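# Topology and contacts: notes
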Amino acid sequence: MLLGLVLTGSLYAAFAPSSSADSAQSDQELVEQGRKLFLVGCSFCHGQNGEGVLTQDGNQLGPSLAGVGAAAVDFQVGTGRMPMVQPGAQNPTKPQAYSEDEIDALAAYVASLAPGPAVPNPEDYSLAGLSPEEREEAVTRGGQIFLTNCTACHNFAGKGGAMPRGGYAPNLSNTTARHIYEALLTGPGQMDTFSNGNLSPDEKRDVIAYLYSLREQPEYGGFSLGGLGPVSEGLFAWVVGIGGLVGFAVWIAAHTARTTKKKESAAA
Ligand code: HEC
Ligand code: HEC
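If you're wondering where the values come from, they're calculated on a predicted model, not measured in any experiment.

Next up on the list: the coordination of the iron atom of ligand 2. Listed as protein donors to the iron atom of ligand 2 are His 154 (NE2) and Met 191 (SD); their distances from the metal cover 2.0 to 2.2 Å. Each of the six donor atoms around the iron atom of ligand 2 contributes to a set of angles spanning 84 to 179°, which defines the coordination as octahedral. With His 154 in helix H7 (residues 151-154) and Met 191 in the loop between helix H8 (177-186) and helix H9 (201-216), the pair connects residues that are 37 residues apart, well separated along the chain. For His 154, a relative accessible area of 10% corresponds to the buried category. Looking at Met 191, the relative accessible area reads 26%, which means it is partly exposed.

It is worth spelling out the packing of helix H3 (residues 69-78) against H8 at this point. Orientation of H3 relative to H8, taken along the N-to-C sense of each, is 125°, at an axis distance of 9 Å. In terms of orientation, H3 and H8 fall into the oblique class. Taken as a pair, H3 and H8 cross one another with a handedness that is left-handed. In this structure, H3 uses Ala 71, Ala 72, Asp 74, Phe 75 and Gly 78 to contact H8, whose residues at the interface are Arg 178, His 179, Glu 182, Ala 183, Leu 185 and Thr 186. A breakdown of the residues in the contact of H3 with H8 according to their chemical character gives five nonpolar, three polar and three charged.

The rules we used
- Positions within a chain are numbered from 1, following the residues in the order the chain's sequence is written.
- Chain A is the first chain written and ligand 1 is the first ligand written, with later ones labelled in order.
- With the structure being a predicted model, the display of local features is reserved for residues of pLDDT at least 70 and the display and counting of side-chain atom pairs for 80 or more, all residues being used for whole-chain, interface and lining totals.
- In computing side-chain properties, one takes all heavy atoms of the structure into account and sets aside hydrogens as well as water.
- Metal coordination here is assigned from N, O and S atoms located within 2.8 Å of the ion, or within 3.2 Å for Na, K and Ca; omission of water means that sites may look incomplete.
- Working rule for geometry: tetrahedral if four donors all subtend angles between 85 and 135 degrees; square planar for four, octahedral for six, if opposite donors exceed 155 degrees and the others stay between 65 and 115; irregular in every other situation.
- Numbering of helices and strands starts at the N terminus; helices are DSSP runs of H or I of at least 4 residues and strands are runs of E of at least 2.
- Here the term buried applies to any residue with accessible area under 20% of the maximum for its type, exposed to any over 50%, and partly exposed to those in between, with areas from a 1.4 Å probe on protein chains only.
- Angles here are taken between N-to-C directions and fall from 0 to 180 degrees, while the axes themselves are lines fitted to C-alpha atoms, restricted in helices to the stretch in contact.
- Should an angle fall under 35 degrees it is taken as roughly parallel, and over 145 as roughly antiparallel, whereas 65 to 115 is taken as roughly perpendicular and any remaining angle as oblique.
- For any pair of crossing helices, the crossing counts as left-handed if the nearer helix is rotated counterclockwise from the farther one by less than a right angle, and right-handed if it is rotated clockwise.
- By the convention used here, residues are in contact when the closest approach between their heavy atoms is within 4.5 Å.
- Classes in brief: Ala, Val, Leu, Ile, Met, Phe, Trp, Tyr, Cys and Pro nonpolar; Asp, Glu, Lys and Arg charged; the others, Gly included, polar.

Structure, rendered in C-alpha coordinates:
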(Lines give C-alpha, C1' and ligand atoms only; values in the text may rest on other atoms or scores of the structure.)
(Ligands and ions follow the chains in the order given, each with its own letter.)
Protein backbone atom coordinates (compact mmCIF):
# COMPACT_ATOMS: atom_id res chain seq x y z
CA MET A 1 0.00 0.00 0.00
CA LEU A 2 2.83 2.33 0.92
CA LEU A 3 4.40 1.54 -2.40
CA GLY A 4 1.08 2.34 -4.09
CA LEU A 5 0.87 5.72 -2.35
CA VAL A 6 4.43 6.62 -3.20
CA LEU A 7 3.86 5.58 -6.78
CA THR A 8 0.67 7.63 -7.24
CA GLY A 9 2.34 10.53 -5.47
CA SER A 10 5.35 10.55 -7.73
CA LEU A 11 3.21 9.92 -10.81
CA TYR A 12 1.04 12.90 -9.86
CA ALA A 13 4.14 15.04 -9.30
CA ALA A 14 5.43 13.97 -12.68
CA PHE A 15 2.23 14.72 -14.58
CA ALA A 16 0.49 17.60 -12.76
CA PRO A 17 2.79 20.44 -13.87
CA SER A 18 2.88 19.23 -17.43
CA SER A 19 -0.96 19.10 -17.55
CA SER A 20 -1.21 22.76 -16.56
CA ALA A 21 1.38 23.56 -19.20
CA ASP A 22 -0.83 21.63 -21.62
CA SER A 23 -3.85 23.78 -20.84
CA ALA A 24 -1.82 26.96 -21.26
CA GLN A 25 -0.69 25.54 -24.56
CA SER A 26 -4.26 24.77 -25.64
CA ASP A 27 -5.47 28.25 -24.57
CA GLN A 28 -2.80 29.63 -26.83
CA GLU A 29 -3.99 27.34 -29.62
CA LEU A 30 -7.60 28.43 -29.08
CA VAL A 31 -6.62 32.09 -29.36
CA GLU A 32 -4.63 31.32 -32.52
CA GLN A 33 -7.56 29.40 -34.04
CA GLY A 34 -9.86 32.29 -33.11
CA ARG A 35 -7.52 34.81 -34.70
CA LYS A 36 -7.62 32.89 -37.99
CA LEU A 37 -11.42 32.76 -37.97
CA PHE A 38 -11.49 36.44 -37.06
CA LEU A 39 -9.23 37.46 -39.96
CA VAL A 40 -11.55 35.69 -42.41
CA GLY A 41 -14.96 36.59 -41.01
CA CYS A 42 -14.69 39.72 -38.90
CA SER A 43 -11.56 41.77 -39.66
CA PHE A 44 -13.14 43.49 -42.67
CA CYS A 45 -15.29 45.53 -40.27
CA HIS A 46 -13.45 45.18 -36.96
CA GLY A 47 -9.86 45.50 -38.23
CA GLN A 48 -6.92 43.08 -38.42
CA ASN A 49 -6.37 43.38 -34.67
CA GLY A 50 -9.94 44.10 -33.59
CA GLU A 51 -9.15 47.82 -33.40
CA GLY A 52 -12.24 48.87 -35.39
CA VAL A 53 -12.54 50.32 -38.89
CA LEU A 54 -13.56 53.81 -39.90
CA THR A 55 -14.62 54.51 -43.48
CA GLN A 56 -13.19 57.55 -45.29
CA ASP A 57 -16.22 59.68 -44.45
CA GLY A 58 -15.82 58.87 -40.76
CA ASN A 59 -18.56 56.27 -40.41
CA GLN A 60 -17.78 53.24 -38.37
CA LEU A 61 -17.76 49.96 -40.26
CA GLY A 62 -17.27 48.11 -37.01
CA PRO A 63 -16.35 49.26 -33.49
CA SER A 64 -13.15 48.34 -31.65
CA LEU A 65 -13.52 45.07 -29.78
CA ALA A 66 -10.78 45.72 -27.24
CA GLY A 67 -12.33 45.12 -23.82
CA VAL A 68 -15.80 43.95 -24.93
CA GLY A 69 -14.86 40.51 -23.58
CA ALA A 70 -15.67 36.92 -24.41
CA ALA A 71 -19.25 37.42 -23.21
CA ALA A 72 -19.97 39.98 -25.96
CA VAL A 73 -18.66 37.61 -28.66
CA ASP A 74 -20.59 34.65 -27.24
CA PHE A 75 -23.75 36.79 -27.23
CA GLN A 76 -23.31 38.52 -30.61
CA VAL A 77 -22.24 35.44 -32.55
CA GLY A 78 -24.43 33.03 -30.52
CA THR A 79 -27.60 34.99 -31.30
CA GLY A 80 -26.52 35.32 -34.95
CA ARG A 81 -26.19 39.13 -34.77
CA MET A 82 -22.57 38.78 -35.88
CA PRO A 83 -21.14 38.47 -38.43
CA MET A 84 -23.22 41.41 -39.58
CA VAL A 85 -24.43 40.88 -43.13
CA GLN A 86 -26.27 44.04 -43.90
CA PRO A 87 -25.65 47.42 -42.31
CA GLY A 88 -28.83 48.73 -40.79
CA ALA A 89 -30.30 50.44 -37.75
CA GLN A 90 -29.89 47.21 -35.80
CA ASN A 91 -28.57 43.71 -36.37
CA PRO A 92 -31.32 41.12 -36.44
CA THR A 93 -30.85 37.72 -34.78
CA LYS A 94 -30.15 34.96 -37.29
CA PRO A 95 -29.25 31.29 -37.16
CA GLN A 96 -25.70 30.94 -35.81
CA ALA A 97 -23.03 31.11 -38.52
CA TYR A 98 -20.32 29.39 -36.41
CA SER A 99 -20.19 26.18 -34.38
CA GLU A 100 -19.96 26.38 -30.55
CA ASP A 101 -16.24 25.48 -30.76
CA GLU A 102 -15.58 28.23 -33.27
CA ILE A 103 -17.46 30.73 -31.10
CA ASP A 104 -15.28 29.69 -28.14
CA ALA A 105 -12.19 30.31 -30.26
CA LEU A 106 -13.41 33.72 -31.48
CA ALA A 107 -14.32 34.64 -27.89
CA ALA A 108 -10.87 33.56 -26.63
CA TYR A 109 -9.21 35.68 -29.31
CA VAL A 110 -11.24 38.82 -28.54
CA ALA A 111 -10.72 38.27 -24.79
CA SER A 112 -6.96 38.16 -25.45
CA LEU A 113 -7.05 41.72 -26.88
CA ALA A 114 -7.95 43.35 -23.55
CA PRO A 115 -9.70 42.23 -20.35
CA GLY A 116 -13.51 42.21 -20.49
CA PRO A 117 -16.46 40.26 -19.12
CA ALA A 118 -16.01 36.47 -19.42
CA VAL A 119 -18.67 34.04 -20.58
CA PRO A 120 -20.75 33.28 -17.45
CA ASN A 121 -20.69 29.84 -15.80
CA PRO A 122 -23.84 27.73 -16.02
CA GLU A 123 -24.19 28.02 -12.19
CA ASP A 124 -24.62 31.78 -12.65
CA TYR A 125 -27.66 31.64 -14.92
CA SER A 126 -29.13 28.16 -14.51
CA LEU A 127 -32.36 27.86 -12.52
CA ALA A 128 -31.87 24.11 -12.03
CA GLY A 129 -30.32 24.42 -8.54
CA LEU A 130 -33.29 26.35 -7.09
CA SER A 131 -35.98 24.66 -4.99
CA PRO A 132 -39.57 25.51 -6.02
CA GLU A 133 -39.84 28.01 -3.10
CA GLU A 134 -36.53 29.64 -3.94
CA ARG A 135 -37.60 29.87 -7.53
CA GLU A 136 -40.88 31.53 -6.59
CA GLU A 137 -39.00 34.13 -4.53
CA ALA A 138 -36.55 34.68 -7.37
CA VAL A 139 -39.48 35.31 -9.76
CA THR A 140 -40.94 37.93 -7.39
CA ARG A 141 -37.63 39.74 -6.96
CA GLY A 142 -36.86 39.43 -10.68
CA GLY A 143 -40.25 40.94 -11.54
CA GLN A 144 -39.45 43.99 -9.40
CA ILE A 145 -36.05 44.40 -11.05
CA PHE A 146 -37.58 43.98 -14.50
CA LEU A 147 -40.30 46.58 -13.82
CA THR A 148 -37.73 49.12 -12.63
CA ASN A 149 -35.01 48.55 -15.21
CA CYS A 150 -36.36 46.92 -18.34
CA THR A 151 -40.05 47.61 -19.03
CA ALA A 152 -39.36 51.08 -20.41
CA CYS A 153 -37.83 49.44 -23.48
CA HIS A 154 -38.93 45.79 -23.44
CA ASN A 155 -42.60 46.22 -22.33
CA PHE A 156 -44.00 44.81 -19.07
CA ALA A 157 -44.42 41.32 -20.53
CA GLY A 158 -41.00 41.32 -22.23
CA LYS A 159 -42.64 41.52 -25.66
CA GLY A 160 -40.34 44.29 -26.86
CA GLY A 161 -40.95 47.71 -28.38
CA ALA A 162 -39.67 50.38 -30.75
CA MET A 163 -36.55 52.44 -30.05
CA PRO A 164 -35.33 55.75 -31.53
CA ARG A 165 -33.46 55.74 -34.88
CA GLY A 166 -35.18 52.68 -36.29
CA GLY A 167 -34.05 50.29 -33.56
CA TYR A 168 -36.19 48.04 -31.42
CA ALA A 169 -35.95 46.27 -28.09
CA PRO A 170 -36.55 42.62 -28.96
CA ASN A 171 -39.15 40.24 -27.64
CA LEU A 172 -37.52 38.24 -24.84
CA SER A 173 -39.76 35.18 -24.89
CA ASN A 174 -37.25 32.90 -26.66
CA THR A 175 -33.88 34.18 -25.46
CA THR A 176 -31.85 31.52 -23.59
CA ALA A 177 -30.79 32.11 -19.97
CA ARG A 178 -27.14 32.37 -21.03
CA HIS A 179 -27.88 35.01 -23.67
CA ILE A 180 -30.06 37.00 -21.24
CA TYR A 181 -27.18 37.01 -18.76
CA GLU A 182 -24.69 38.04 -21.45
CA ALA A 183 -26.98 40.78 -22.81
CA LEU A 184 -27.12 42.27 -19.31
CA LEU A 185 -23.36 41.99 -18.90
CA THR A 186 -22.48 43.57 -22.26
CA GLY A 187 -25.37 45.95 -23.14
CA PRO A 188 -25.76 45.29 -26.88
CA GLY A 189 -26.58 48.19 -29.22
CA GLN A 190 -28.77 50.84 -27.60
CA MET A 191 -29.30 48.81 -24.44
CA ASP A 192 -27.72 49.88 -21.15
CA THR A 193 -25.03 47.69 -19.59
CA PHE A 194 -25.92 46.05 -16.27
CA SER A 195 -22.47 45.09 -14.96
CA ASN A 196 -22.21 42.87 -11.90
CA GLY A 197 -21.67 46.02 -9.83
CA ASN A 198 -25.07 47.43 -10.91
CA LEU A 199 -26.99 44.19 -10.95
CA SER A 200 -25.38 41.35 -8.96
CA PRO A 201 -25.17 37.84 -10.46
CA ASP A 202 -28.01 36.76 -8.13
CA GLU A 203 -30.18 39.62 -9.33
CA LYS A 204 -29.43 38.67 -12.94
CA ARG A 205 -30.59 35.15 -12.21
CA ASP A 206 -33.75 36.55 -10.58
CA VAL A 207 -34.52 38.42 -13.80
CA ILE A 208 -34.00 35.19 -15.76
CA ALA A 209 -36.36 33.37 -13.38
CA TYR A 210 -38.97 36.09 -13.97
CA LEU A 211 -38.64 36.00 -17.77
CA TYR A 212 -38.87 32.19 -17.75
CA SER A 213 -41.98 32.36 -15.51
CA LEU A 214 -43.73 34.51 -18.13
CA ARG A 215 -43.29 31.70 -20.66
CA GLU A 216 -45.06 29.23 -18.39
CA GLN A 217 -47.97 31.54 -17.62
CA PRO A 218 -51.36 30.54 -19.08
CA GLU A 219 -53.21 33.29 -20.92
CA TYR A 220 -56.01 34.37 -18.61
CA GLY A 221 -59.27 35.55 -20.14
CA GLY A 222 -59.02 33.97 -23.58
CA PHE A 223 -56.86 35.52 -26.29
CA SER A 224 -53.54 37.09 -25.29
CA LEU A 225 -53.72 39.62 -28.18
CA GLY A 226 -49.96 39.24 -28.41
CA GLY A 227 -49.48 40.52 -24.84
CA LEU A 228 -48.66 43.91 -26.33
CA GLY A 229 -50.36 45.87 -23.58
CA PRO A 230 -53.14 48.38 -23.24
CA VAL A 231 -52.75 49.91 -26.71
CA SER A 232 -53.32 46.71 -28.65
CA GLU A 233 -55.98 45.58 -26.19
CA GLY A 234 -57.75 48.94 -26.43
CA LEU A 235 -57.50 48.82 -30.20
CA PHE A 236 -58.97 45.33 -30.19
CA ALA A 237 -61.89 46.47 -28.00
CA TRP A 238 -62.35 49.53 -30.21
CA VAL A 239 -62.37 47.70 -33.55
CA VAL A 240 -64.24 44.57 -32.51
CA GLY A 241 -66.40 46.10 -29.76
CA ILE A 242 -67.40 49.45 -31.27
CA GLY A 243 -67.21 48.00 -34.80
CA GLY A 244 -69.64 45.28 -33.74
CA LEU A 245 -72.00 47.85 -32.23
CA VAL A 246 -71.91 49.97 -35.39
CA GLY A 247 -72.58 46.87 -37.50
CA PHE A 248 -75.49 45.96 -35.27
CA ALA A 249 -76.94 49.48 -35.45
CA VAL A 250 -76.75 49.38 -39.26
CA TRP A 251 -78.42 46.00 -39.26
CA ILE A 252 -81.26 47.26 -37.05
CA ALA A 253 -81.74 50.36 -39.20
CA ALA A 254 -81.84 48.30 -42.40
CA HIS A 255 -84.17 45.84 -40.81
CA THR A 256 -86.66 48.43 -39.55
CA ALA A 257 -86.52 50.24 -42.92
CA ARG A 258 -87.42 46.99 -44.67
CA THR A 259 -90.28 46.16 -42.29
CA THR A 260 -91.74 49.67 -42.57
CA LYS A 261 -91.54 49.41 -46.36
CA LYS A 262 -93.23 46.02 -46.21
CA LYS A 263 -95.98 47.49 -44.02
CA GLU A 264 -96.41 50.43 -46.40
CA SER A 265 -96.76 48.15 -49.43
CA ALA A 266 -99.18 45.92 -47.52
CA ALA A 267 -101.30 48.96 -46.63
CA ALA A 268 -101.35 50.18 -50.24
C1 HEC B 1 -20.18 43.99 -42.01
C2 HEC B 1 -19.47 44.43 -40.85
C3 HEC B 1 -19.26 43.48 -39.65
C4 HEC B 1 -18.80 42.18 -39.67
C5 HEC B 1 -18.41 41.33 -40.86
C6 HEC B 1 -18.73 41.78 -38.27
N7 HEC B 1 -19.14 42.80 -37.46
FE8 HEC B 1 -19.23 42.77 -35.42
N9 HEC B 1 -20.09 44.63 -35.42
C10 HEC B 1 -20.31 45.42 -36.53
C11 HEC B 1 -21.01 46.62 -36.12
C12 HEC B 1 -21.45 47.75 -37.04
C13 HEC B 1 -21.21 46.52 -34.73
C14 HEC B 1 -21.95 47.50 -33.80
C15 HEC B 1 -23.37 47.01 -33.77
C16 HEC B 1 -24.23 47.58 -32.69
O17 HEC B 1 -23.75 48.32 -31.85
O18 HEC B 1 -25.42 47.21 -32.69
C19 HEC B 1 -20.62 45.26 -34.31
C20 HEC B 1 -20.59 44.81 -33.00
C21 HEC B 1 -19.91 43.67 -32.58
C22 HEC B 1 -19.76 43.27 -31.21
C23 HEC B 1 -20.32 44.01 -29.99
C24 HEC B 1 -19.35 45.00 -29.48
C25 HEC B 1 -19.84 45.62 -28.18
O26 HEC B 1 -19.50 46.78 -27.95
O27 HEC B 1 -20.52 44.94 -27.40
C28 HEC B 1 -19.03 42.11 -31.19
C29 HEC B 1 -18.59 41.33 -29.99
C30 HEC B 1 -18.75 41.79 -32.58
N31 HEC B 1 -19.28 42.75 -33.39
C32 HEC B 1 -18.05 40.67 -32.98
C33 HEC B 1 -17.93 40.27 -34.31
C34 HEC B 1 -17.34 39.02 -34.72
C35 HEC B 1 -16.75 38.00 -33.77
C36 HEC B 1 -17.43 38.97 -36.07
C37 HEC B 1 -16.99 37.84 -37.00
C38 HEC B 1 -17.56 36.57 -36.75
C39 HEC B 1 -18.06 40.20 -36.53
N40 HEC B 1 -18.34 40.97 -35.42
C41 HEC B 1 -18.30 40.53 -37.84
C42 HEC B 1 -19.94 45.11 -37.84
C43 HEC B 1 -19.48 43.87 -38.27
C1 HEC C 1 -32.74 51.65 -23.21
C2 HEC C 1 -33.59 50.54 -23.58
C3 HEC C 1 -33.31 49.18 -22.96
C4 HEC C 1 -33.31 48.85 -21.62
C5 HEC C 1 -33.54 49.76 -20.42
C6 HEC C 1 -33.09 47.42 -21.59
N7 HEC C 1 -32.93 46.93 -22.84
FE8 HEC C 1 -32.57 44.99 -23.35
N9 HEC C 1 -32.34 45.51 -25.29
C10 HEC C 1 -32.54 46.78 -25.81
C11 HEC C 1 -32.20 46.78 -27.23
C12 HEC C 1 -32.29 47.97 -28.16
C13 HEC C 1 -31.78 45.47 -27.54
C14 HEC C 1 -31.30 44.96 -28.89
C15 HEC C 1 -29.85 45.33 -29.11
C16 HEC C 1 -29.27 44.82 -30.40
O17 HEC C 1 -29.83 43.90 -31.01
O18 HEC C 1 -28.21 45.33 -30.80
C19 HEC C 1 -31.89 44.70 -26.30
C20 HEC C 1 -31.59 43.35 -26.21
C21 HEC C 1 -31.84 42.57 -25.09
C22 HEC C 1 -31.69 41.13 -25.02
C23 HEC C 1 -31.29 40.20 -26.16
C24 HEC C 1 -32.54 39.57 -26.75
C25 HEC C 1 -32.31 38.55 -27.82
O26 HEC C 1 -33.19 37.71 -28.02
O27 HEC C 1 -31.27 38.53 -28.46
C28 HEC C 1 -32.02 40.76 -23.75
C29 HEC C 1 -32.05 39.36 -23.19
C30 HEC C 1 -32.37 41.97 -23.02
N31 HEC C 1 -32.25 43.05 -23.85
C32 HEC C 1 -32.78 42.00 -21.69
C33 HEC C 1 -32.95 43.17 -20.94
C34 HEC C 1 -33.22 43.20 -19.52
C35 HEC C 1 -33.42 41.97 -18.66
C36 HEC C 1 -33.25 44.51 -19.15
C37 HEC C 1 -33.44 45.10 -17.76
C38 HEC C 1 -32.50 44.68 -16.74
C39 HEC C 1 -33.05 45.31 -20.36
N40 HEC C 1 -32.86 44.46 -21.41
C41 HEC C 1 -33.04 46.70 -20.40
C42 HEC C 1 -32.98 47.88 -25.10
C43 HEC C 1 -33.06 47.97 -23.71
